[in-house]
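Secondary and tertiary structure notes
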Amino acid sequence: MRETPNWATPTAHILRNRPDTAQLYFSPAALQGMARRFQDGFDGLVTYAVKANPGEEVLANLVAAGIRAFDVASPREMLAVRAVCGDAALHYNNPVRSPEEIAVARRLGVASCSVDCPRELDKLEALPKTTEISVRLALPVAGAAYDFGEKFGLDPERAAALLRKVAARGFVPAITFHPGTQCADPAAWGAYIAAAAKVARAADVQIARLNVGGGFASHRSGAAPDLEAIFAHIRAETERCFGAQAPKLVCEPGRAMVADALTLATRVKALRDGGAVFLNDGIYGGLMEMRDIGVPGRLRVIDPQGRARTADPVSRVIFGPTCDSLDRLPAPVPLPGDIAEGDYVLFDSMGAYSRSLTTQFNGYGLEDMVTVADLV
Ligand SMILES: *Cc1c(COP(=O)(O)O)cnc(C)c1O
(Lines give C-alpha, C1' and ligand atoms only; values in the text may rest on other atoms or scores of the structure.)
Protein backbone atom coordinates (compact mmCIF):
# COMPACT_ATOMS: atom_id res chain seq x y z
CA MET A 1 0.00 0.00 0.00
CA ARG A 2 1.45 3.29 -1.15
CA GLU A 3 -0.46 5.70 1.10
CA THR A 4 -0.28 5.78 4.85
CA PRO A 5 -3.24 7.44 6.56
CA ASN A 6 -2.51 10.97 7.67
CA TRP A 7 -5.50 11.36 9.93
CA ALA A 8 -7.38 9.08 12.29
CA THR A 9 -10.87 10.18 11.17
CA PRO A 10 -12.61 12.90 9.13
CA THR A 11 -13.55 14.62 12.38
CA ALA A 12 -9.90 14.76 13.47
CA HIS A 13 -8.99 16.47 10.21
CA ILE A 14 -11.95 18.85 10.41
CA LEU A 15 -11.12 19.87 14.00
CA ARG A 16 -7.54 20.70 13.13
CA ASN A 17 -8.10 22.31 9.73
CA ARG A 18 -11.68 23.65 9.73
CA PRO A 19 -11.77 23.10 5.97
CA ASP A 20 -13.85 25.66 4.11
CA THR A 21 -13.94 23.66 0.88
CA ALA A 22 -15.71 20.32 0.51
CA GLN A 23 -13.44 17.38 1.40
CA LEU A 24 -13.43 13.74 0.43
CA TYR A 25 -12.02 11.45 3.11
CA PHE A 26 -10.62 8.15 1.89
CA SER A 27 -10.04 5.04 3.99
CA PRO A 28 -7.62 2.64 2.27
CA ALA A 29 -8.46 0.03 4.92
CA ALA A 30 -12.18 0.19 4.07
CA LEU A 31 -11.45 -0.12 0.34
CA GLN A 32 -9.08 -3.04 0.78
CA GLY A 33 -11.56 -4.72 3.11
CA MET A 34 -14.27 -4.52 0.46
CA ALA A 35 -11.91 -5.79 -2.24
CA ARG A 36 -11.14 -8.80 -0.06
CA ARG A 37 -14.82 -9.38 0.63
CA PHE A 38 -15.49 -9.60 -3.10
CA GLN A 39 -12.47 -11.80 -3.74
CA ASP A 40 -13.26 -14.16 -0.86
CA GLY A 41 -16.95 -14.43 -1.66
CA PHE A 42 -17.30 -14.20 -5.43
CA ASP A 43 -16.65 -17.46 -7.25
CA GLY A 44 -14.71 -15.98 -10.17
CA LEU A 45 -12.57 -13.05 -11.31
CA VAL A 46 -13.23 -9.76 -9.49
CA THR A 47 -12.56 -6.69 -11.62
CA TYR A 48 -13.14 -3.04 -10.76
CA ALA A 49 -15.14 -0.62 -12.94
CA VAL A 50 -12.76 2.32 -13.06
CA LYS A 51 -15.34 4.97 -13.89
CA ALA A 52 -16.81 4.80 -10.38
CA ASN A 53 -13.64 6.40 -9.01
CA PRO A 54 -10.45 6.51 -11.10
CA GLY A 55 -8.32 8.11 -8.37
CA GLU A 56 -4.73 6.90 -8.35
CA GLU A 57 -4.94 6.14 -4.61
CA VAL A 58 -8.06 4.05 -5.22
CA LEU A 59 -6.50 2.05 -8.06
CA ALA A 60 -3.23 1.55 -6.14
CA ASN A 61 -5.03 0.27 -3.06
CA LEU A 62 -7.10 -2.14 -5.12
CA VAL A 63 -3.90 -3.49 -6.64
CA ALA A 64 -2.46 -3.78 -3.12
CA ALA A 65 -5.55 -5.81 -2.17
CA GLY A 66 -4.93 -8.20 -5.06
CA ILE A 67 -7.19 -6.83 -7.83
CA ARG A 68 -5.46 -7.39 -11.18
CA ALA A 69 -8.24 -6.84 -13.73
CA PHE A 70 -10.13 -3.63 -14.46
CA ASP A 71 -13.19 -2.67 -16.45
CA VAL A 72 -12.20 0.34 -18.55
CA ALA A 73 -14.11 2.42 -21.08
CA SER A 74 -11.51 4.68 -22.67
CA PRO A 75 -7.79 4.97 -23.43
CA ARG A 76 -7.35 7.36 -20.52
CA GLU A 77 -8.80 4.82 -18.09
CA MET A 78 -6.53 2.14 -19.57
CA LEU A 79 -3.48 4.31 -19.00
CA ALA A 80 -4.57 5.20 -15.45
CA VAL A 81 -4.74 1.49 -14.63
CA ARG A 82 -1.44 0.62 -16.28
CA ALA A 83 0.24 3.50 -14.43
CA VAL A 84 -0.39 1.75 -11.12
CA CYS A 85 -0.16 -1.86 -12.36
CA GLY A 86 1.86 -2.52 -15.51
CA ASP A 87 0.45 -5.99 -16.12
CA ALA A 88 -3.18 -5.43 -15.14
CA ALA A 89 -5.74 -7.13 -17.38
CA LEU A 90 -7.84 -4.54 -19.20
CA HIS A 91 -11.46 -5.39 -19.93
CA TYR A 92 -12.55 -2.85 -22.51
CA ASN A 93 -16.28 -2.89 -22.00
CA ASN A 94 -17.44 0.25 -23.70
CA PRO A 95 -19.25 -1.32 -26.66
CA VAL A 96 -18.86 1.75 -28.91
CA ARG A 97 -15.28 2.46 -30.02
CA SER A 98 -13.54 4.65 -32.55
CA PRO A 99 -10.78 3.11 -34.72
CA GLU A 100 -8.25 5.30 -32.91
CA GLU A 101 -9.40 3.99 -29.53
CA ILE A 102 -9.18 0.42 -30.80
CA ALA A 103 -5.60 1.05 -31.93
CA VAL A 104 -4.70 2.08 -28.37
CA ALA A 105 -6.47 -1.00 -26.99
CA ARG A 106 -4.49 -3.20 -29.34
CA ARG A 107 -1.20 -1.57 -28.41
CA LEU A 108 -1.97 -2.02 -24.70
CA GLY A 109 -3.03 -5.64 -25.21
CA VAL A 110 -6.58 -5.55 -23.83
CA ALA A 111 -7.72 -8.97 -22.63
CA SER A 112 -11.42 -8.63 -23.26
CA CYS A 113 -13.87 -6.46 -25.23
CA SER A 114 -17.66 -6.37 -25.15
CA VAL A 115 -19.77 -5.88 -28.28
CA ASP A 116 -23.46 -5.32 -28.91
CA CYS A 117 -23.59 -4.91 -32.67
CA PRO A 118 -22.04 -6.75 -35.66
CA ARG A 119 -20.46 -3.55 -36.97
CA GLU A 120 -18.56 -3.08 -33.71
CA LEU A 121 -17.32 -6.68 -33.97
CA ASP A 122 -16.02 -5.96 -37.48
CA LYS A 123 -14.03 -3.05 -36.06
CA LEU A 124 -12.19 -5.42 -33.69
CA GLU A 125 -10.82 -7.59 -36.50
CA ALA A 126 -7.21 -6.50 -35.91
CA LEU A 127 -7.15 -7.72 -32.29
CA PRO A 128 -5.42 -11.05 -31.64
CA LYS A 129 -7.69 -14.09 -31.62
CA THR A 130 -6.73 -14.77 -28.02
CA THR A 131 -8.87 -11.75 -27.11
CA GLU A 132 -12.10 -12.55 -25.32
CA ILE A 133 -15.10 -10.95 -26.99
CA SER A 134 -18.21 -10.85 -24.85
CA VAL A 135 -21.64 -10.19 -26.28
CA ARG A 136 -23.63 -7.75 -24.22
CA LEU A 137 -27.08 -9.00 -23.38
CA ALA A 138 -29.93 -6.73 -22.27
CA LEU A 139 -33.23 -7.71 -20.72
CA PRO A 140 -35.99 -5.41 -19.56
CA VAL A 141 -35.21 -5.38 -15.81
CA ALA A 142 -36.57 -3.96 -12.62
CA GLY A 143 -34.55 -3.52 -9.45
CA ALA A 144 -31.91 -1.02 -10.50
CA ALA A 145 -31.79 2.73 -9.97
CA TYR A 146 -31.60 3.20 -13.69
CA ASP A 147 -31.66 0.83 -16.56
CA PHE A 148 -28.40 0.31 -18.43
CA GLY A 149 -30.22 -1.80 -21.02
CA GLU A 150 -31.63 1.32 -22.65
CA LYS A 151 -28.24 2.31 -23.97
CA PHE A 152 -26.36 -0.95 -24.51
CA GLY A 153 -27.04 -4.59 -25.15
CA LEU A 154 -28.93 -6.95 -27.44
CA ASP A 155 -32.08 -8.98 -26.92
CA PRO A 156 -31.46 -12.74 -26.60
CA GLU A 157 -32.13 -13.57 -30.25
CA ARG A 158 -29.75 -11.01 -31.68
CA ALA A 159 -27.24 -11.78 -28.91
CA ALA A 160 -27.18 -15.43 -30.05
CA ALA A 161 -26.56 -14.40 -33.66
CA LEU A 162 -23.68 -12.15 -32.65
CA LEU A 163 -22.22 -14.79 -30.32
CA ARG A 164 -22.16 -17.21 -33.24
CA LYS A 165 -20.22 -14.63 -35.28
CA VAL A 166 -17.71 -14.09 -32.44
CA ALA A 167 -17.00 -17.82 -32.30
CA ALA A 168 -16.83 -18.12 -36.10
CA ARG A 169 -14.21 -15.37 -36.22
CA GLY A 170 -12.06 -17.37 -33.82
CA PHE A 171 -12.21 -15.07 -30.79
CA VAL A 172 -12.76 -16.40 -27.27
CA PRO A 173 -16.57 -16.19 -26.87
CA ALA A 174 -18.21 -14.82 -23.74
CA ILE A 175 -21.42 -13.15 -22.62
CA THR A 176 -21.74 -10.06 -20.47
CA PHE A 177 -24.58 -8.08 -18.89
CA HIS A 178 -25.03 -5.37 -16.31
CA PRO A 179 -28.10 -5.79 -14.10
CA GLY A 180 -28.24 -2.00 -13.55
CA THR A 181 -26.55 0.43 -11.24
CA GLN A 182 -27.50 0.01 -7.56
CA CYS A 183 -29.05 -3.36 -8.31
CA ALA A 184 -29.26 -5.34 -5.05
CA ASP A 185 -31.82 -8.00 -5.94
CA PRO A 186 -30.26 -11.46 -6.52
CA ALA A 187 -33.18 -12.35 -8.80
CA ALA A 188 -32.01 -9.76 -11.34
CA TRP A 189 -28.77 -11.73 -11.81
CA GLY A 190 -30.70 -15.01 -11.88
CA ALA A 191 -32.89 -13.82 -14.77
CA TYR A 192 -29.84 -12.73 -16.75
CA ILE A 193 -27.92 -15.94 -16.08
CA ALA A 194 -30.87 -18.03 -17.29
CA ALA A 195 -31.16 -15.87 -20.42
CA ALA A 196 -27.40 -16.09 -21.05
CA ALA A 197 -27.53 -19.90 -20.87
CA LYS A 198 -30.35 -19.90 -23.43
CA VAL A 199 -28.39 -17.56 -25.71
CA ALA A 200 -25.32 -19.82 -25.57
CA ARG A 201 -27.46 -22.86 -26.30
CA ALA A 202 -29.30 -21.16 -29.17
CA ALA A 203 -25.95 -20.12 -30.68
CA ASP A 204 -24.50 -23.57 -30.03
CA VAL A 205 -21.43 -21.90 -28.55
CA GLN A 206 -19.72 -22.90 -25.33
CA ILE A 207 -18.81 -19.62 -23.67
CA ALA A 208 -15.52 -19.32 -21.82
CA ARG A 209 -16.76 -16.73 -19.37
CA LEU A 210 -19.89 -15.03 -18.14
CA ASN A 211 -19.50 -11.47 -16.90
CA VAL A 212 -22.23 -10.61 -14.40
CA GLY A 213 -21.52 -6.87 -14.38
CA GLY A 214 -21.73 -4.42 -11.54
CA GLY A 215 -24.57 -3.31 -9.29
CA PHE A 216 -24.21 -5.00 -5.87
CA ALA A 217 -25.38 -1.82 -4.12
CA SER A 218 -28.63 -0.65 -2.57
CA HIS A 219 -30.71 2.13 -3.99
CA ARG A 220 -29.74 5.50 -2.52
CA SER A 221 -27.67 4.24 0.40
CA GLY A 222 -24.71 3.47 -1.81
CA ALA A 223 -23.75 0.79 0.69
CA ALA A 224 -23.29 -2.85 -0.16
CA PRO A 225 -26.34 -5.08 0.42
CA ASP A 226 -26.06 -8.76 1.36
CA LEU A 227 -23.23 -9.47 -1.05
CA GLU A 228 -22.75 -13.05 0.05
CA ALA A 229 -26.40 -13.85 -0.75
CA ILE A 230 -25.98 -12.39 -4.24
CA PHE A 231 -22.72 -14.31 -4.77
CA ALA A 232 -24.37 -17.57 -3.67
CA HIS A 233 -27.33 -17.00 -5.99
CA ILE A 234 -25.05 -16.24 -8.94
CA ARG A 235 -23.06 -19.42 -8.36
CA ALA A 236 -26.15 -21.60 -7.90
CA GLU A 237 -27.96 -20.22 -10.94
CA THR A 238 -24.86 -20.57 -13.14
CA GLU A 239 -24.55 -24.22 -12.17
CA ARG A 240 -28.26 -24.82 -12.56
CA CYS A 241 -28.63 -23.12 -15.96
CA PHE A 242 -25.36 -24.12 -17.63
CA GLY A 243 -24.82 -27.52 -16.00
CA ALA A 244 -21.61 -29.21 -17.15
CA GLN A 245 -20.89 -26.29 -19.51
CA ALA A 246 -20.72 -23.74 -16.70
CA PRO A 247 -18.47 -20.82 -17.73
CA LYS A 248 -16.00 -19.08 -15.46
CA LEU A 249 -17.49 -15.99 -13.83
CA VAL A 250 -16.37 -12.37 -13.85
CA CYS A 251 -17.88 -9.45 -11.94
CA GLU A 252 -17.14 -5.75 -12.32
CA PRO A 253 -18.43 -3.76 -9.35
CA GLY A 254 -17.82 -0.03 -9.40
CA ARG A 255 -20.02 1.61 -6.79
CA ALA A 256 -20.14 -1.34 -4.39
CA MET A 257 -16.37 -1.60 -4.35
CA VAL A 258 -15.55 2.01 -3.62
CA ALA A 259 -18.66 3.76 -2.22
CA ASP A 260 -18.13 2.86 1.43
CA ALA A 261 -14.45 3.84 1.34
CA LEU A 262 -15.08 7.59 1.13
CA THR A 263 -17.01 10.18 3.11
CA LEU A 264 -17.80 13.62 1.72
CA ALA A 265 -17.70 16.47 4.23
CA THR A 266 -19.48 19.67 3.24
CA ARG A 267 -19.87 22.85 5.26
CA VAL A 268 -22.94 24.95 5.95
CA LYS A 269 -22.27 28.35 4.39
CA ALA A 270 -25.62 29.86 5.22
CA LEU A 271 -28.91 29.05 6.84
CA ARG A 272 -31.79 31.12 5.48
CA ASP A 273 -34.85 32.20 7.44
CA GLY A 274 -37.06 30.13 5.15
CA GLY A 275 -35.09 27.07 6.23
CA ALA A 276 -32.94 26.61 3.12
CA VAL A 277 -29.36 25.47 3.69
CA PHE A 278 -26.46 26.53 1.47
CA LEU A 279 -23.60 24.02 1.41
CA ASN A 280 -20.14 24.46 -0.07
CA ASP A 281 -20.76 21.58 -2.47
CA GLY A 282 -23.68 20.73 -4.73
CA ILE A 283 -24.77 19.10 -7.95
CA TYR A 284 -21.82 20.51 -9.91
CA GLY A 285 -19.48 18.90 -7.40
CA GLY A 286 -19.53 15.73 -5.36
CA LEU A 287 -23.32 15.68 -5.09
CA MET A 288 -23.82 15.56 -8.87
CA GLU A 289 -25.33 12.10 -8.95
CA MET A 290 -28.06 13.02 -6.47
CA ARG A 291 -29.82 14.98 -9.20
CA ASP A 292 -30.44 11.69 -11.00
CA ILE A 293 -30.81 9.10 -8.25
CA GLY A 294 -31.95 11.07 -5.23
CA VAL A 295 -30.48 12.05 -1.89
CA PRO A 296 -28.92 9.23 0.14
CA GLY A 297 -30.09 8.57 3.67
CA ARG A 298 -26.70 8.30 5.31
CA LEU A 299 -25.59 11.70 6.53
CA ARG A 300 -24.57 13.21 9.85
CA VAL A 301 -24.02 16.77 11.03
CA ILE A 302 -21.29 17.93 13.42
CA ASP A 303 -20.61 21.36 14.84
CA PRO A 304 -17.17 22.98 14.41
CA GLN A 305 -16.08 21.37 17.71
CA GLY A 306 -16.85 17.94 16.29
CA ARG A 307 -19.99 17.31 18.38
CA ALA A 308 -22.90 15.57 16.67
CA ARG A 309 -26.04 17.66 16.13
CA THR A 310 -28.88 15.56 17.46
CA ALA A 311 -32.05 17.69 17.57
CA ASP A 312 -35.17 16.34 15.87
CA PRO A 313 -34.83 16.49 12.10
CA VAL A 314 -36.35 19.26 10.00
CA SER A 315 -36.69 18.86 6.24
CA ARG A 316 -34.70 21.51 4.41
CA VAL A 317 -34.03 22.53 0.85
CA ILE A 318 -30.30 22.22 0.14
CA PHE A 319 -28.57 24.54 -2.32
CA GLY A 320 -25.02 24.20 -3.58
CA PRO A 321 -22.48 27.04 -3.61
CA THR A 322 -22.62 28.14 -7.24
CA CYS A 323 -24.66 31.06 -8.61
CA ASP A 324 -26.82 28.70 -10.66
CA SER A 325 -30.37 28.15 -9.45
CA LEU A 326 -30.27 24.55 -10.74
CA ASP A 327 -27.63 23.89 -8.07
CA ARG A 328 -30.09 22.41 -5.63
CA LEU A 329 -30.66 18.87 -4.37
CA PRO A 330 -33.75 17.27 -5.93
CA ALA A 331 -35.73 16.85 -2.70
CA PRO A 332 -35.74 18.35 0.79
CA VAL A 333 -33.43 16.56 3.21
CA PRO A 334 -34.10 15.93 6.93
CA LEU A 335 -31.33 17.63 8.93
CA PRO A 336 -31.02 18.09 12.70
CA GLY A 337 -33.11 21.07 13.82
CA ASP A 338 -30.13 22.65 15.62
CA ILE A 339 -27.92 22.80 12.50
CA ALA A 340 -26.02 26.10 12.28
CA GLU A 341 -23.74 28.02 9.95
CA GLY A 342 -20.22 26.64 10.07
CA ASP A 343 -21.40 23.09 10.81
CA TYR A 344 -20.24 20.18 8.69
CA VAL A 345 -22.63 17.82 6.91
CA LEU A 346 -20.94 14.48 6.32
CA PHE A 347 -22.31 12.23 3.58
CA ASP A 348 -21.11 8.65 4.03
CA SER A 349 -20.68 6.11 1.21
CA MET A 350 -19.70 8.79 -1.30
CA GLY A 351 -16.76 7.04 -2.93
CA ALA A 352 -18.47 6.32 -6.24
CA TYR A 353 -19.48 8.79 -8.93
CA SER A 354 -18.57 11.80 -6.80
CA ARG A 355 -15.02 12.83 -7.53
CA SER A 356 -15.23 11.35 -11.03
CA LEU A 357 -18.20 13.60 -11.86
CA THR A 358 -17.19 16.82 -10.12
CA THR A 359 -16.74 20.00 -12.15
CA GLN A 360 -14.90 23.15 -11.14
CA PHE A 361 -17.89 25.29 -12.11
CA ASN A 362 -17.88 28.74 -10.53
CA GLY A 363 -14.63 27.92 -8.74
CA TYR A 364 -16.06 25.12 -6.57
CA GLY A 365 -15.74 21.34 -6.82
CA LEU A 366 -13.78 18.61 -5.11
CA GLU A 367 -10.03 18.53 -4.85
CA ASP A 368 -7.62 15.89 -3.57
CA MET A 369 -8.77 13.24 -1.15
CA VAL A 370 -7.59 13.24 2.45
CA THR A 371 -6.49 9.82 3.66
CA VAL A 372 -7.86 8.61 7.00
CA ALA A 373 -7.49 5.43 9.02
CA ASP A 374 -11.18 5.16 9.78
CA LEU A 375 -14.31 6.89 8.49
CA VAL A 376 -16.42 6.87 11.68
C1 LIG B 1 -20.47 1.38 -14.94
C2 LIG B 1 -20.20 -0.04 -15.26
C3 LIG B 1 -19.96 -0.95 -14.22
C4 LIG B 1 -20.05 -0.58 -12.76
O5 LIG B 1 -21.36 -0.33 -12.40
P6 LIG B 1 -21.74 -0.10 -10.84
O7 LIG B 1 -23.20 0.05 -10.89
O8 LIG B 1 -21.02 1.12 -10.40
O9 LIG B 1 -21.28 -1.31 -10.11
C10 LIG B 1 -19.67 -2.25 -14.56
N11 LIG B 1 -19.62 -2.64 -15.85
C12 LIG B 1 -19.83 -1.80 -16.88
C13 LIG B 1 -19.76 -2.30 -18.28
C14 LIG B 1 -20.14 -0.47 -16.62
O15 LIG B 1 -20.37 0.37 -17.64
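Residues numbered from 1 in each chain as written. Predicted model: local features only at pLDDT ≥ 70, side-chain atom pairs only at ≥ 80, totals over all residues. Heavy atoms only, no water.

Moving on to the nonpolar core. Membership of the largest hydrophobic core comes to 104 residues, with the highest contact counts inside it found for Phe-38, Tyr-48, Phe-70, Leu-210, Val-212, Phe-216 and Met-257. The greatest single-element share of this core, amounting to ten residues, is contributed by helix H8 (residues 186-203). Residue-level mapping places this core at the junction of two domains, with at least three residues from each of domain 1 (10-24 + 260-371) and domain 2 (28-258). Non-local contacts of Tyr-48, meaning those with residues more than four positions away in its chain, are made with Asn-53, Val-58, Leu-59, Leu-62, Ile-67, Ala-69, Phe-70, Asp-71, Pro-253, Gly-254, Met-257 and Val-258. (Core = buried A, V, L, I, M, F, W, Y, C linked by side-chain atoms within 4.5 Å. Buried < 20%, exposed > 50% of the residue type's maximum accessible area, 1.4 Å probe, protein only. Helix = DSSP H or I, 4+ residues; strand = E, 2+ residues; numbered from the N terminus. Domains from an automatic or database assignment. Contact = heavy atoms within 4.5 Å.)

To continue, consider the site of the ligand. In the neighbourhood of the ligand, 14 residues make up the surrounding shell, with Lys-51, Thr-181, Glu-252, Arg-255 and Tyr-353 lying closest. Within the contact set of the ligand, an oxygen atom lies 2.9 Å away from a side-chain nitrogen or oxygen of His-178. When the ligand sits alone it has 390 Å² of accessible area, and the protein chains cover 93% of it. The class makeup of the residues in the shell around the ligand is four nonpolar, five polar and five charged. (Near = heavy atom within 4 Å. Polar contact = N/O pair within 3.5 Å; in protein donor to acceptor, adjacent residues only side chain to side chain. Areas by Shrake-Rupley, 256 points an atom, 1.4 Å probe, with all protein chains shown as cover. Nonpolar A, V, L, I, M, F, W, Y, C, P; charged D, E, K, R; others polar.)

Read across the open sheet, the nine strands follow the order E2-E10-E9-E8-E7-E6-E5-E4-E3; overall the sheet is parallel. Strands with a single pairing partner mark the edges of an open sheet, and in this sheet they are strand E2 (45-46) and strand E3 (48-49). Taken together, the three bridges between strand E9 (residues 209-211) and strand E10 (residues 248-251) define a ladder with parallel strand orientation. Across the sheet, the residue bridging to Leu-210 is Leu-249, located in E10. (Pairing = 2+ DSSP bridges.)

Below, the discussion takes up the domain arrangement of the protein. Split into domains, the protein comes out as domain 1 (10-24 + 260-371) and domain 2 (28-258). The distance between the C-alpha centroids of domain 1 and domain 2 comes to 33 Å. Domain 1 puts 18 residues into the contact, and the matching count from domain 2 is 22 residues. Between domain 1 and domain 2 the total buried area reaches about 1,600 Å² when both faces are included, carbon and sulfur atoms providing 54% of it. Our count for the domain 1 to domain 2 interface comes out at two salt bridges. Remark: the boundary between domain 1 and domain 2 carries seven residue pairs in polar contact (both at pLDDT 80 or more). Residue classes in the side of domain 1 that touches domain 2 are distributed as eight nonpolar, six polar and four charged. (Buried area = accessible area lost by both parts, 1.4 Å probe. Salt bridge = Lys/Arg side-chain N within 4 Å of Asp/Glu carboxyl O.)

Our next topic: the state of the cysteines. Counting across every chain of the model gives zero disulfides. There is no disulfide at Cys-117, and the cysteine sulfur nearest it, in Cys-113, is 14 Å away. (Disulfide = S-S within 2.5 Å.)

In total, this model carries 17 salt bridges according to the counting rule given. When the shortest N-O distance is used, the salt bridge between Asp-155 and Arg-158 registers 3.1 Å. Residue classification places Asp-155 among the partly exposed positions, given a relative accessible area of 31%. Ionic pairing is found between Arg-307 and Asp-303, a salt bridge with its closest N-O pair at 2.9 Å. On the basis of relative accessibility, which here comes to 51%, the residue Arg-307 falls in the exposed class.

If you check which residues of helix H5 (residues 99-108) are buried, you get Ile-102, Val-104, Ala-105 and Leu-108. Taken end-on, H5 shows its buried residues confined to a sector of 155°, consistent with a single buried face. Relative to its buried face, H5 has exposed residues pointing more than 90 degrees away, namely Pro-99, Glu-100, Arg-106 and Arg-107. Immediately downstream of H5, the backbone of Gly-109 shows phi near 70°, a positive value. (Arc of directions from axis to C-beta.)

Tracing the backbone through its elements, the reader meets Leu-287 in the loop between strand E12 (277-279) and helix H11 (290-293). You can call Leu-287 buried: its relative accessible area is 0%. Expressed as a C-alpha distance, the spacing of Leu-287 and Leu-154, which sit 133 residues apart in the sequence, is 32 Å. For Leu-287, the contacting residues outside a window of four places in its chain are Leu-264, Asp-281, Gly-282, Leu-329, Phe-347 and Met-350.

Closest axis-to-axis distance for the helix H2 (residues 28-41)/helix H9 (residues 227-242) pair is 10 Å, and the angle between their directions is 30°. On the basis of their axis angle, the class for H2 and H9 is roughly parallel. Relative to H9, H2 is oriented so that their crossing is right-handed. Listed contacts from H9 to Met-34, Arg-37, Phe-38 and Gly-41 of H2 are Leu-227, Glu-228, Phe-231 and Arg-235. (Axes fitted to C-alpha atoms, helices over the stretch in contact; angles between N-to-C directions. Parallel < 35°, antiparallel > 145°, perpendicular 65-115°, else oblique. Left-handed = near helix turned anticlockwise from the far one by under 90°.)

Attention now moves to the packing of helix H4 (residues 75-84) against H5. Between H4 and H5, the shortest axis-to-axis distance is 10 Å and the interhelical angle comes to 20°. Classified by the angle their axes make, H4 and H5 are roughly parallel. Between H4 and H5 lies a crossing of left-handed hand. Judged by residue contacts, Pro-75, Met-78, Leu-79 and Arg-82 of H4 engage Glu-101, Val-104, Ala-105 and Leu-108 from H5.

Moving on to the side chain of Ser-349. Along the chain, the position of Ser-349 falls in the loop between strand E17 (344-347) and strand E18 (369-371). Polar side-chain contacts of Ser-349 include one of 2.6 Å to the side chain of Asp-260.

The next subject is the packing of aromatic side chains. One pass over the full model with this rule turns up eight aromatic pairs. Seen from their ring centres, Phe-38 and Phe-216 are 5.4 Å apart, and the 90° between their planes marks the pair as edge-to-face. With Phe-38 in helix H2 and Phe-216 in the loop between E9 and H9, this residue pair connects regions lying 178 residues apart in the sequence. Relative to Phe-231, the ring of Phe-42 has its centre 5.8 Å away and its plane inclined at 70°; by these criteria the two rings are edge-to-face. (Phe/Tyr/Trp six-rings, centres within 6.5 Å; stacked < 30°, edge-to-face > 60°.)

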